[in-house]
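Given next are the chains, with one letter for each unit.
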Amino acid sequence: MSEERNFKNGWFPYEPSKPARLLSPIVLAYVGDAIYEVSVRQYLVSLPNLRPNHLHRSATGLVSAKAQCAILVFLEPILTEEEKDVARQGRNAKSGSIPKNADVLEYRHATAFECLIGYLYYTGQQERIQEIVHSGIQFMLNQP
């Protein structure tokens with residue numbers, strides 16, 4: 001897969017300063033967090049119940065570190081070797097802080113998931129992002 005991103009087909013015309021493979025996993029996670037958040041919000045707005053409080057609670061349940069950790073573990077069998085490598089780099093990256101609502105393991109797996117989404121975004125793999133996000137949302141919605 002090419003490292004170059006055709007930004008005339010992307011969301012915004014701002015290319016990263018270097019190829020995605022050379023960006024820090026924390027930088028990829030930073031972007032991946034935003035991409036995933038927008039994806040979840042777009043999914044929720046597609047549903048019939050648009051009350052703001054309901055949207056917020058539903059979004060929080062899908063974007064929390066705990067949810068992202070569970071999604072990554074669920075998706076691991078279908079990830080390519082390249083995707084597993086990117087996720088591993090994100091999991092092993094040191095971010096310097098851990099949110100109070102997540103344990104260290106969940107937080108590292110959530111960072112891995114976000115890193116993967118950021119990498120897919122910067123390598124122009126929009127369809128793969130859609131597959132992963134859709135599968136992750138369906139998995140979380142079917143949890144007891």
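Residues numbered from 1 in each chain as written. Predicted model: local features only at pLDDT ≥ 70, side-chain atom pairs only at ≥ 80, totals over all residues. Heavy atoms only, no water.

**Student:** Whenever I open this one, helix α4 (residues 81–92) confuses me. Can you help?
**Tutor:** An α-helical segment advances 3.6 residues per turn. Residues three or four places apart therefore align on the same side. Compared with an ideal rise of 1.5 Å per residue, which puts 12 residues at 16 Å, α4 spans 16 Å between its outermost C-alpha atoms and is within 8% of the ideal. Those residues of α4 lying buried are Glu83, Val86, Ala87 and Gly90. Each buried residue of α4 sits inside an arc of 95° when the element is viewed along its axis, so together they form one side. For α4, the secondary structure elements touched by its buried residues are α1 (25–45), α3 (65–75), α5 (104–122) and α6 (126–141). (Helix = DSSP H or I, 4+ residues; strand = E, 2+ residues; numbered from the N terminus. Expected span 1.5 Å × (residues − 1). Buried < 20%, exposed > 50% of the residue type's maximum accessible area, 1.4 Å probe, protein only. Arc of directions from axis to C-beta. Contact = heavy atoms within 4.5 Å.)

**Student:** Can you walk me through the nonpolar core in this structure?
**Tutor:** Proteins that are soluble and globular tend to have nonpolar side chains buried together. By size, the foremost hydrophobic cluster in this structure holds 35 residues, and its most contacted members are Tyr36, Val40, Leu62, Ile71, Phe113, Tyr122 and Ile132. Every element with two or more residues in this core is listed here: α1, α2 (52–63), α3, α4, α5 and α6. Here the element with the most residues in this core is α5; it accounts for nine residues. The contacts of Tyr36, once residues within four sequence positions are left out, are Leu62, Val63, Gln68, Ile71, Phe113, Ile117 and Val133. (Core = buried A, V, L, I, M, F, W, Y, C linked by side-chain atoms within 4.5 Å.)

**Student:** How should a nonpolar patch on the surface be read in this particular structure?
**Tutor:** A contiguous nonpolar surface patch, about 460 Å² in accessible area, is contributed by Trp11, Phe12, Tyr14 and Val38. Mapped onto the elements, Val38 comes out in helix α1. Classification of Val38 by relative accessible area gives partly exposed; the value is 39%. (Patch = residues over 30% accessible without salt bridge, like charges linked within 9 Å, V, L, I, M, F, W, Y side chains within 5 Å. Areas by Shrake-Rupley, 256 points an atom, 1.4 Å probe, with all protein chains shown as cover. Salt bridge = Lys/Arg side-chain N within 4 Å of Asp/Glu carboxyl O.)

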